[in-house]
Amino acid sequence: QVQLVESGGGSVQTGGSLTLSCVASGGSLKRAGMGWFRQRLGNEREFVATLSASGAGKDYGDSVRDRFRVSRDNAKNTLWLQMNNLTSDDTATYYCAARRAPEYARWSGAYDYWGPGTQVTVSS
């Protein structure tokens, strides 16, 4: 059973940057499409970024496309999300997810494994 754990969340001022990490245990991610999602208080879970198993295919949510970068290192079983120029709208709990297929996916229902989440708070 794959387990995912996110880290790197915290508090940052508007315009700042954070890098989130997601480490997997209990299995290899080298054949898994991966994704980042977030959930703001009172809102539904929202797609942020996704990356194919090879790293060749990726996609981003419209609100983060020009500011966030997703990357992975399969040898380290790790996924990252570099977030730049953060605003208060980015305040949310961020979740890492993995799927049993190598393709990337924007839909949360396509994912089989989820981490517990890490909180990101952006304040002015």
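The rules behind each value
Residues numbered from 1 in each chain as written. Predicted model: local features only at pLDDT ≥ 70, side-chain atom pairs only at ≥ 80, totals over all residues. Heavy atoms only, no water. Disulfide = S-S within 2.5 Å. Helix = DSSP H or I, 4+ residues; strand = E, 2+ residues; numbered from the N terminus. Pairing = 2+ DSSP bridges. Axes fitted to C-alpha atoms, helices over the stretch in contact; angles between N-to-C directions. Buried < 20%, exposed > 50% of the residue type's maximum accessible area, 1.4 Å probe, protein only. Contact = heavy atoms within 4.5 Å. Phe/Tyr/Trp six-rings, centres within 6.5 Å; stacked < 30°, edge-to-face > 60°. Lys NZ or Arg CZ within 6 Å of the ring centre and 35° of its normal. Salt bridge = Lys/Arg side-chain N within 4 Å of Asp/Glu carboxyl O.

Chemist: Residues and numbers for the state of the cysteines, please.
Modeler: Structurally, a disulfide amounts to a covalent bond that connects the sulfur atoms of two cysteines. Scanning the model with the defined rule gives one disulfide in all. One disulfide in the model links Cys22 with Cys96; its S-S distance is 2.0 Å. Around the S-S axis, the bridge from Cys22 to Cys96 shows a dihedral of about -70° and counts as left-handed. Here Cys96 lies in strand E9 (residues 92–98) and Cys22 lies in strand E3 (residues 18–25), a separation of 74 residues in the sequence.

Chemist: Can you tell me about the sheet that holds strand E1 (residues 3–7), naming the residues and giving the values?
Modeler: As summarised here, the arrangement of the four strands in space is E1-E3-E8-E7, forming an open sheet in which the pairing is antiparallel. Looking at which strands have only one partner, the edges of the open sheet turn out to be E1 and strand E7 (68–73). Each adjacent strand pair in this sheet contributes to an overall mean axis angle of 15°, direction not counted. Examined bridge by bridge, E7 and strand E8 (residues 78–83) share six bridges and lie antiparallel to one another. Along E8, the bridge assignment pairs Arg72 with Leu79.

Chemist: Can you lay out the environment of Ser71 for me, pointing to particular residues and giving the numbers?
Modeler: Structurally, Ser71 can be placed in strand E7. You can call Ser71 partly exposed: its relative accessible area is 32%. Apart from residues lying up to four places away in sequence, Ser71 is in contact with Leu51, Thr78, Leu79 and Trp80.

Chemist: Describe in detail the packing of aromatic side chains, supporting the description with residues and values.
Modeler: This model, assessed by the stated rule, comprises four aromatic pairs. Ring geometry for Phe37 versus Trp114: centroids 5.1 Å apart, planes at 55°, classification tilted. With a gap of 77 residues between them, Phe37 in strand E4 (residues 34–39) and Trp114 in strand E10 (residues 113–114) connect regions that are remote in the sequence. The class of Trp114 is partly exposed, set by a relative accessible area of 28%. Centroid distance Tyr111 to Trp114: 6.1 Å. Interplanar angle 65°. Geometry classified as edge-to-face. Members of the aromatic cluster, connected to one another through ring pairs, are Phe37, Phe47, Tyr111 and Trp114. Lying across the ring of Tyr95, Arg45 places its NZ or CZ 3.9 Å from the centre. Between Arg45 and the ring centre of Trp114, over which it is positioned, the NZ or CZ distance is 4.7 Å.

Chemist: Outline the pattern of salt bridges, supporting the account with residue identities and numerical values.
Modeler: For the coordinates displayed, the defined rule picks out nine salt bridges. The partner of Glu46 in a salt bridge is Arg38, and the shortest N-O contact between them spans 3.0 Å. A relative accessible area of 1% means that Arg38 is categorised as buried. Close ionic contact of Arg99 with Glu103 constitutes a salt bridge, the shortest N to O distance being 3.9 Å. Classification of Glu103 as partly exposed rests on a relative accessible area of 46%. It is possible to trace a salt-bridge network through shared partners that takes in Arg38, Arg40, Glu46, Arg67 and Asp90.

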